[in-house]
Amino acid sequence: MAVDIGSKCDEKVSTFELNVLNTKVNFRIGIKENQASLADIVPLARTICTKICNIVLQNVNSNGGKIPCRKNCSAHCCRYLVPLSVPEALRLKKEISEAPPEKRELIWKGCLAASRHILINKPPRKLTHQSAKVSSNEQSDLNIISNWYRGLNLDCPFLHKNTCTIYEQRPLACREHYVTGSARGCEEEHAATKLLEMPLYVSNALGQLASELEGTDVEAVILPLVLSWCEENKKRAEKTWPYAMMVERLFKIIKEMASENSGAVTI
Ligand code: SF4
């Protein structure tokens, strides 16, 4: 399987091979010589994520498993905590600002209402102290915040009439979230569904890349607070690095994560 990403004749092309559950995927990536921001690496991360997920889904299907997750499903999972890596947060803000005015307004209103709901419902101390930021490498923090968030029973602000309004730009955490079982199982609080574990989470690799480039902890931004977080972190959207180095490093992190994770994905 070959994936061509923006390789034009005047660009240097880098190739990477991923082996996902014994299926080889060859990426040919057009590397621009110019600098790029954290947001600029997100389309590549989305493509890698989609390729990995598709292979995993095909594998489940060919083994007789059923996956009810699809666009315009019951959106039951769209009430869970969705953490965004820093590059995704910056990219989503940019994409929202380029959306048509009515859509932008709908999203701003949704995020504002959700942020109010979050802030008046006694968030865990850590969240109050660190704005929208949690340390995603501290699993206990995430569990505390995740359980608290479930208790809010809050629809995702990007969900409108049970449809994701940013489906093509949705976070990696949403793209990597699948269950096996029946759609009815989702309605019944997942009694008959099981979370599908991915061999590798590109969302984690992207978070790791941003942390290395910026010299920060690995951070996660809570989806409904993304716009206010970006307002507070405008300067981080302006920083740039050589794109070729970012791409090389992203694949290297994926390789390192894969080798720690039973080798279901290799490079
Ligand atoms: S971004 Fe879209 S897919 Fe993700 S939780 Fe929100 S509505 Fe659901």
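In this text the structure is predicted, and so the values were computed from the model without any measurement.

Chemist: Describe the overall build of the protein chain, with residues and values.
Modeler: Looking only at helices and strands, one finds 11 helices and 13 strands in the protein chain. Burial status across the protein chain gives 46% buried among its 267 residues. Contacts in the protein chain between residues far apart in sequence, at least 24 positions, make up 76% of those at least 6 positions apart.

Chemist: Explain the site of the ligand to me, using residue names and the numbers behind them.
Modeler: Taken together, Cys-78, Val-82, Cys-156, Phe-158, Leu-159, Cys-164, Ile-166, Pro-171, Cys-174 and Leu-223 make up all the residues around the ligand. Split by residue class, the shell around the ligand holds 10 nonpolar, no polar and no charged.

Chemist: Quick rundown of the environment of Gln-35? Include the residues and the values.
Modeler: In this structure, Gln-35 sits in strand β4 (residues 35-36). For Gln-35, a relative accessible area of 43% gives the class partly exposed. Separated by 208 residues in sequence, Gln-35 and Tyr-243 place their C-alpha atoms 5.5 Å apart. When residues no more than four places from it in sequence are discounted, the contact partners of Gln-35 are Thr-240, Trp-241, Pro-242 and Tyr-243. Among the polar contacts listed, one links the side chain of Gln-35 to the side chain of Thr-240, at a separation of 3.3 Å.

Chemist: Can you tell me about the packing of aromatic side chains, naming the residues and giving the values?
Modeler: The tally for this structure, following the rule as stated, stands at 3 aromatic pairs. Aromatic side chains Trp-148 and Tyr-149 sit 6.2 Å apart centroid to centroid with 70 degrees between the ring planes, which places their arrangement in the edge-to-face category. Of the two residues examined, Trp-148 and Tyr-149, each falls in the buried class. An aromatic cluster of three or more residues is present, and its members are Phe-16, Phe-27 and Phe-251.

Chemist: Tell me about the side chain of Thr-193, and please be specific about residues and values.
Modeler: Inspection of the secondary structure puts Thr-193 in strand β10 (residues 193-195). Taking the relative accessible area as the measure of exposure, Thr-193 reaches 13% and is therefore buried. The contact partners of Thr-193, leaving out residues within four places of it in the chain, are Val-179, Thr-180, Gly-181, Ser-182, Gly-185 and Cys-186.

Chemist: Pulling in residues and values, what's your account of unusual backbone geometry?
Modeler: We note that Leu-21 has phi near 45 degrees; this positive angle belongs to a residue other than glycine. Examined against the element boundaries, Leu-21 turns out to sit in the loop between β2 (12-20) and β3 (23-31). Positive phi values are uncommon outside glycine, yet Asn-22 reaches one of about 70 degrees.

Chemist: Break down the nonpolar core for me, with residues and values.
Modeler: Core analysis: the largest hydrophobic core is formed by 63 residues, its most contacted members being Ile-48, Phe-158 and Leu-250. Every element with two or more residues in this core is listed here: β2, β3, α1 (42-62), α2 (86-97), α3 (101-120), α8 (202-214), α9 (226-232) and α11 (243-260). For this core, the element with the most residues is α1, which contributes 11 residues. Not counting residues up to four positions away in its chain, the partners in contact with Leu-250 are Ile-41, Leu-44, Ala-45, Ile-48, Ala-205, Leu-206 and Leu-209.

Chemist: With reference to specific residues and values, describe the pairing of β3.
Modeler: Bridge count for β2 against β3 is 9 bridges, and the pairing is antiparallel. What sits directly across from Lys-12, in β3, is Ile-31.

Chemist: Can you lay out the state of the cysteines for me, pointing to particular residues and giving the numbers?
Modeler: As enumerated under the stated definition, the model contains 0 disulfides in all. Of all cysteine sulfurs, the one in Cys-53 lies closest to Cys-49, which takes part in no disulfide; the gap is 4.0 Å. Assessed through its relative accessible area of 1%, Cys-49 is described here as buried.

Chemist: An account of the environment of Ala-258 is needed here, citing residue identities and associated values.
Modeler: Within the secondary structure, Ala-258 sits in helix α11. Taking the relative accessible area as the measure of exposure, Ala-258 reaches 2% and is therefore buried.

About the cut-offs
Residues numbered from 1 in each chain as written. Predicted model: local features only at pLDDT ≥ 70, side-chain atom pairs only at ≥ 80, totals over all residues. Heavy atoms only, no water. Helix = DSSP H or I, 4+ residues; strand = E, 2+ residues; numbered from the N terminus. Buried < 20%, exposed > 50% of the residue type's maximum accessible area, 1.4 Å probe, protein only. Contact = heavy atoms within 4.5 Å. Near = heavy atom within 4 Å. Nonpolar A, V, L, I, M, F, W, Y, C, P; charged D, E, K, R; others polar. Polar contact = N/O pair within 3.5 Å; in protein donor to acceptor, adjacent residues only side chain to side chain. Phe/Tyr/Trp six-rings, centres within 6.5 Å; stacked < 30°, edge-to-face > 60°. Core = buried A, V, L, I, M, F, W, Y, C linked by side-chain atoms within 4.5 Å. Pairing = 2+ DSSP bridges. Disulfide = S-S within 2.5 Å.

Coordinates in, geometry out; function isn't part of it.
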